[in-house]
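Remarks on the overall topology
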Amino acid sequence: MEEFIKFIKEMVWIDEVDLQLVLSRCRERMIPKNKLILRKGQIANQYFFIVSGGIRFFYELHDQENTTWVMFRNEFFTEISSLHPQKPTRFNIEAIEETKLIVIDKKDMDFLYGQVAAWEEFGRKIWEATTVRMIDQLMNFQTMSAEERYLSFMTHSELIHKVPVKQVAAVLGITPNALSRIRKKIR
């Protein structure tokens, strides 16, 4: 939990009593590599913080997996398009390596938002940062070439070393062959 406490304290100021209340609503969970955390059609009911490891969001179309998002250590996530409206998810969320998570159930998160002002601020900051990241990704698709997107993506070295080429290509919106050509050109 130390990593999670540090992450919280970097985001907001929280007193010790409120922090202990937050932690009382959290639990740790180990996810083996390639195990699904959430399956298409399920309804998301949890929030997650990645202590170690990594996850990917993907969907299947025409018998092909399409990775849309990858996340690693010190990131907070949920499948918000399922969680908030309580509708079945369109995505699968999978551990891409053995992953240690902090898990907070939706009912506990709602309770904490109502009881701990610092936690409500924490949630707002998390979702603002996530929204900025999504907008940046969308803008990159609309304004950058595939090569420029790849070079930008390479700044997150953890992604390049831990995510298979096929999944990197999917996140970039290109074919694995196109990615191979870009990588060869850059070398």
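Parameters at a glance
- Residues numbered from 1 in each chain as written.
- Predicted model: local features only at pLDDT ≥ 70, side-chain atom pairs only at ≥ 80, totals over all residues.
- Heavy atoms only, no water.
- Buried < 20%, exposed > 50% of the residue type's maximum accessible area, 1.4 Å probe, protein only.
- Helix = DSSP H or I, 4+ residues; strand = E, 2+ residues; numbered from the N terminus.
- Pairing = 2+ DSSP bridges.
- Expected span 1.5 Å × (residues − 1).
- Contact = heavy atoms within 4.5 Å.
- Salt bridge = Lys/Arg side-chain N within 4 Å of Asp/Glu carboxyl O.
- Axes fitted to C-alpha atoms, helices over the stretch in contact; angles between N-to-C directions.

Details of the pairing of strand β7 (residues 92–95)
- The alternating pattern of β7 places N92 and E94 and I93 and A95 on opposite faces, both of which are buried.
- Pairing of strand β2 (residues 36–38) with β7 involves 2 bridges; the strand directions are antiparallel. Following the sheet pairing, L36 is matched in β7 by E94.
- Note that strand β4 (residues 54–61) and β7 share 4 bridges and pair antiparallel. Pairing of I55 across the sheet is with A95, part of β7.

Brief notes about helix α5 (residues 117–143)
- In a regular helix each residue adds 1.5 Å, so 27 residues correspond to 39 Å; α5 covers 39 Å between its end C-alpha atoms and thus fits that length.
- Residues of α5 that are buried sit in contact with α1 (2–11), α2 (16–24), β6 (76–77), β8 (99–105) and α4 (106–115).

Thoughts on the pattern of salt bridges
- By the definition in use, this model includes 11 salt bridges.
- The partner of R25 in a salt bridge is D108, and the shortest N-O contact between them spans 2.9 Å. Here R25, found in the loop between α2 and β1 (27–31), pairs with D108, found in helix α4; they are 83 residues apart in sequence, far enough to count as distant.
- The class for R25 is partly exposed, based on a relative accessible area of 25%.
- Of the residues examined, D108 reaches a relative accessible area of 10% and is grouped as buried.
- Salt-bridge contacts for D105 lead to R27; the nearest nitrogen and oxygen are separated by 3.3 Å. Of this pair, D105 sits in strand β8 while R27 sits in strand β1; the two residues are 78 residues apart in sequence, bridging distant segments of the chain.
- For R27, a relative accessible area of 37% corresponds to the partly exposed category.
- If you follow the salt bridges from partner to partner, you end up with R25, K107 and D108 in one network.

Some words on the sheet that holds β7
- Reading across the sheet, the 4 strands line up as β2-β7-β4-β5 and stay open at both edges, with antiparallel pairing between neighbours. Each edge of the sheet is formed by a strand with only one pairing partner; in this case those strands are β2 and β5 (64–72). The mean angle between the axes of side-by-side strands here comes to 35°, regardless of whether they run parallel or antiparallel.

The values are spatial; any link to function lies outside them.
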